[in-house]
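Below are the chains, spelled out letter by letter.
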Amino acid sequence: MERIHFKPGTMVYPLPAVMVSCGETPEEFNIITIAWTGTICSDPPMCYISVRPERHSHEIIKRTGEYVINLTTEELARATDWNGCRSGKKFDKWKETGLTPGEAKIVKAPIINEAPVSIECKVKEIVPLGSHDMFISEVVNISVNEKYLDRASGKFNLSAAKPLVYSHGFYFGLGKKIGKFGWSVEKKPRNKK
Ligand SMILES: Cc1cc2nc3c(=O)[nH]c(=O)nc-3n(C[C@H](O)[C@H](O)[C@H](O)COP(=O)(O)O)c2cc1C
């Protein structure tokens, strides 16, 4: 089979589409949908988001040096898309989407109460890359919605929240479970005699 070549572009998919909340006071609290995000270090835990300078949220995050990455779910898909299509310059996105701000533990930026996971971040470095500025940040706290805690095991069950996936312009659910970390190299248990 021949390979078809595309011009260089953004093709690392699928990704999570997250809702990033920002702002220091309720009057300026805002939400921006972000797909250019990820983990970049385990210890210390660090994440990044890449934001175009023309976004309303860019000014807020640059000035305050803080934001919260809120994971999204199938149920939050509509709000996620809306917050990625309208600007806080013109709309109160909380009022429009019905999402509610909650108090974060460490940062002044709000968490989104309806999100299953909220990752509080403090900006360490801003790297101008071209179309986007990359905010490299340290994770300073994580809070999860207790409804996804398995009471018996005490473990957090992210799959139960039905996380939202973004792939090449479309939103999807997770699909079926294939295996767990390391299953491909796991030794089979010996048969007992
Ligand atoms: C699925 C999706 C992913 C997006 N990812 C990004 C992103 O990574 N960086 C960015 O600057 N804008 C991204 N956007 C666009 C912003 O969310 C959008 O311009 C938003 O209206 C900006 O809001 P604000 O002006 O209130 O900050 C994305 C939009 C959608 C729908």
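Residues numbered from 1 in each chain as written. Predicted model: local features only at pLDDT ≥ 70, side-chain atom pairs only at ≥ 80, totals over all residues. Heavy atoms only, no water.

Draft legend 1. Region of interest: the packing of aromatic side chains. The tally for this structure, following the rule as stated, stands at four aromatic pairs. Geometrically, the ring pair formed by W82 and F91 is edge-to-face, given 5.3 Å between the ring centres and 85 degrees between the ring planes. Between Y166 and Y171, the aromatic rings sit 5.5 Å apart at their centres with planes inclined by 50 degrees, giving tilted as the arrangement. Accessibility expressed as a relative area gives 32% for Y171, which makes it partly exposed. One aromatic cluster is present, formed by Y13, W36, Y166 and Y171 through successive ring pairs. (Phe/Tyr/Trp six-rings, centres within 6.5 Å; stacked < 30°, edge-to-face > 60°. Buried < 20%, exposed > 50% of the residue type's maximum accessible area, 1.4 Å probe, protein only.)

Draft legend 2. Region of the structure containing helix α1 (residues 56–64). When we look at burial in α1, the residues that qualify are S57, H58, I60, I61 and T64. Seen end-on, α1 carries its buried residues on one side only, within an arc spanning 170 degrees. Downstream of α1 by one or two residues, G65 has phi in the positive range, about 70 degrees. (Helix = DSSP H or I, 4+ residues; strand = E, 2+ residues; numbered from the N terminus. Arc of directions from axis to C-beta.)

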